[in-house]
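Okay, here's what each chain looks like letter by letter:
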Amino acid sequence: MDTVKTNSTVDAKGLACPMPIVRTKKAINTLNPGEVLEVLATDKGSKADIQAWAKSSGHQYLGTIEEGEVLKHYLRKGGESEEKEETKYPNIVSNDDVIKKLEANENVVVLDVREPAEYAFGHIPNAVSIPFGELESRVSELDKTKTFLVVCRTGNRSDMASQTLSSNGFENVWNVVPGMSDWNGPTESKVK
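Residues numbered from 1 in each chain as written. Predicted model: local features only at pLDDT ≥ 70, side-chain atom pairs only at ≥ 80, totals over all residues. Heavy atoms only, no water.

Draft legend 1. Quick peek at unusual backbone geometry. The linkage connecting Cys-17 with the following residue, Pro-18, adopts the cis geometry, with an omega of 15°. Along the polypeptide, Pro-18 turns up in the loop between strand 1 (8-12) and helix 1 (19-28). Of note, the bond from Val-177 into Pro-178 is cis; its omega dihedral lies within 30 degrees of zero at 10°. Tracing the chain through its elements places Pro-178 in the segment after strand 9 (173-177). One non-glycine residue, Asn-105, lies in positive phi territory at about 55°. (Helix = DSSP H or I, 4+ residues; strand = E, 2+ residues; numbered from the N terminus.)

Next comes the structure, spelled out in structure tokens:
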């Protein structure tokens, strides 16, 4: 296989969401339009995160090469006509509000879009697990008439997942911020 020529490399190995995206945003801002950025990451969720971020910000996701534990993501910086202001999903709900809704037995679905290992080690009771990278292909598993509270570790993946649901015709979608990184409500674990 040919080596991919890049203009810059960012090392995000060992970092969890949202840090690979934070470093990617900072690095791509230093490039000229058309230049290629290589992002080295070990977070398995970074592939879906970087793809979605590139799409929402007007940069081009070129692909990912896996070398052992390291994911090498490649992005081409978009030009002025391609770049767009990164959009944030407008409907946000706090962790405390989610706890109140669950305690009141409101008819809501908690959708956890973290990776399976993250979910296994601790999740909101009865949360539906669909990793963000699988959401687009599994959206038909969800009932559009329900109210969804979308959660990840920090609110970034859940933001992009909320946008995905909304663009697929879901009307009652709320991004849980800050998510599981600051969750103090009840949790379940699948790990014994």
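Draft legend 2. Region of interest: the nonpolar core. Leu-37, Leu-75, Leu-111, Leu-142, Phe-148, Val-150 and Leu-165 are the most contacted members of the largest nonpolar core, which has 31 residues in total. Counting residues per element, the ones that place at least two in this core are helix 1, strand 2 (36-41), helix 2 (46-57), strand 6 (108-112), helix 5 (132-138), strand 8 (147-151) and helix 6 (156-167). With five residues, helix 2 is the single largest residue contributor to this core. Val-98, Ile-124, Ala-127 and Val-151 belong to the second-largest nonpolar core, a separate cluster that totals 13 residues. (Core = buried A, V, L, I, M, F, W, Y, C linked by side-chain atoms within 4.5 Å. Buried < 20%, exposed > 50% of the residue type's maximum accessible area, 1.4 Å probe, protein only.)

Draft legend 3. Geometry of the side chain of Asp-112. Note on placement: Asp-112 falls in strand 6. When its relative accessible area of 1% is taken as the criterion, Asp-112 is described as buried. Setting aside anything within four residues of it in sequence, one finds Asp-112 in contact with Tyr-119, His-123, Ala-127, Val-128, Ser-129, Ile-130, Pro-131 and Val-151. (Contact = heavy atoms within 4.5 Å.)

Draft legend 4. Structural context of the environment of Ser-137. You can see Ser-137 is positioned in helix 5. Remark: the alpha-carbon pair of Ser-137 and Lys-55, spanning 82 residues in sequence, is separated by 17 Å. Reaching out from Ser-137, the side chain makes a polar contact with the backbone oxygen of Glu-134 at a distance of 3.0 Å. (Polar contact = N/O pair within 3.5 Å; in protein donor to acceptor, adjacent residues only side chain to side chain.)

Draft legend 5. Examining the packing of helix 1 against helix 2 more closely. Between helix 1 and helix 2, whose axes approach to 10 Å, the crossing angle comes to 40°. The pairing of helix 1 with helix 2 is recorded here as oblique in orientation. Relative to helix 2, helix 1 is oriented so that their crossing is right-handed. Every residue of helix 2 that contacts helix 1 at Pro-20, Ile-21, Thr-24, Lys-25 and Ile-28 is listed here: Ser-46, Asp-49, Ile-50 and Trp-53. Residues belonging to the contact of helix 1 with helix 2 are distributed by class as follows: five nonpolar, two polar and two charged. (Axes fitted to C-alpha atoms, helices over the stretch in contact; angles between N-to-C directions. Parallel < 35°, antiparallel > 145°, perpendicular 65-115°, else oblique. Left-handed = near helix turned anticlockwise from the far one by under 90°. Nonpolar A, V, L, I, M, F, W, Y, C, P; charged D, E, K, R; others polar.)

Draft legend 6. Focus on the pattern of salt bridges. Applying the stated criterion across every chain, the model contains seven salt bridges. When the shortest N-O distance is used, the salt bridge between Glu-134 and Arg-138 registers 2.7 Å. You can see Glu-134 and its partner Arg-138 sitting in helix 5, four residues apart, about one turn around the helix. A relative accessible area of 33% places Glu-134 in the partly exposed class. The residue Arg-138 makes a salt bridge to Glu-141 at a minimum N-O spacing of 2.9 Å. Judged by its relative accessible area of 22%, Arg-138 falls in the partly exposed class. Through salt bridges with shared partners, a single network forms among Glu-134, Arg-138 and Glu-141. (Salt bridge = Lys/Arg side-chain N within 4 Å of Asp/Glu carboxyl O.)

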